[in-house]
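Architecture at a glance
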Amino acid sequence: VFVAVIFSLMLAKNGPVNEVLSAIPGFAPLSWTTNPVLARIAIPLAILWTSVGYAMVYLLAALQSVDRELYEAAAVDGAGPWSRFFHVTLPGIRHVLTFLLLVGMIGMLQLFELPYVLFQGAGPGLAGLTIVMYLFQWGWEFGDIGYASAVGWVLALLILAMTLALVRITGAARED
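Residues numbered from 1 in each chain as written. Predicted model: local features only at pLDDT ≥ 70, side-chain atom pairs only at ≥ 80, totals over all residues. Heavy atoms only, no water.

Moving on, we come to the environment of L11. Here L11 is to be found in the loop between α1 (2–10) and α2 (16–22). Along the primary structure L11 and W140 are separated by 129 residues, whereas in three dimensions their C-alpha atoms are 29 Å apart. (Helix = DSSP H or I, 4+ residues; strand = E, 2+ residues; numbered from the N terminus.)

Along its 30 residues, helix α3 (residues 36–65) runs 43 Å from first to last C-alpha, staying within 8% of the 44 Å computed at 1.5 Å per residue. The principal kink in α3, of about 35 degrees, is found at S51. Of all the residues in α3, the buried ones are L38, A39, A42, I43, A46, I47, A55, L59 and A62. Near the N-terminus of α3, the side chain that reaches the backbone nitrogen of V37, with its oxygen 2.9 Å away, is that of N35. (Expected span 1.5 Å × (residues − 1). Bend = angle between axes of the 7 residues up to and from the residue. Buried < 20%, exposed > 50% of the residue type's maximum accessible area, 1.4 Å probe, protein only. Polar contact = N/O pair within 3.5 Å; in protein donor to acceptor, adjacent residues only side chain to side chain.)

What follows covers the packing of helix α7 (residues 131–141) against helix α8 (residues 145–170). Relative placement of two packed helices is described by the angle separating their axes and the distance separating the axes. Close contact between α7 and α8 brings their axes to 7 Å; oriented N to C, the two are set at 160 degrees. Taken together, the axis directions place α7 and α8 in an arrangement best described as roughly antiparallel. Between α7 and α8 lies a crossing whose hand is left-handed. For the pair α7 and α8, contact is made by I131, V132, Y134, L135, W138 and G139 and by I145, Y147, A148, V151, G152, L155 and L158, respectively. In terms of residue class, the contact of α7 with α8 is made up of eleven nonpolar, two polar and no charged. (Axes fitted to C-alpha atoms, helices over the stretch in contact; angles between N-to-C directions. Parallel < 35°, antiparallel > 145°, perpendicular 65-115°, else oblique. Left-handed = near helix turned anticlockwise from the far one by under 90°. Contact = heavy atoms within 4.5 Å. Nonpolar A, V, L, I, M, F, W, Y, C, P; charged D, E, K, R; others polar.)

Below you can see the structure in the form of structure tokens.
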């Protein structure tokens, strides 16, 4: 909620983002919260702002845990920087990357409060409508708890299916 409030202030007609853009010749202030196209850009920007910090902490810890002797052995074998990256670094941080992808994917599917607070609803032209917001609308605004419950179960099954697919694609379940 805090991030949505901060971004609504930053993306306001007279907010800092429009002030910076107005300094560029030919740019007029943009309507971030009323234009459907700009609204679809504002949501990922806010999500990136909230998630990049903790992802970097996880990646830094993962990179520090990769055995330095593997890099030395690869260099002795004649591996270049790209080869060391693809054959030493990526396999060494694969589990952390899988975790970050999984948490990010589940976070995207469960997104509700950011667009709801940023646009005071589903946004212009339903640009901020998410699965959870759709569930909320049917359950609380339209009063159809049964349909909202069905949407919730479909969401849970979708998260399960996408999690299993991600674990299978990345090979995170196999032992190294």
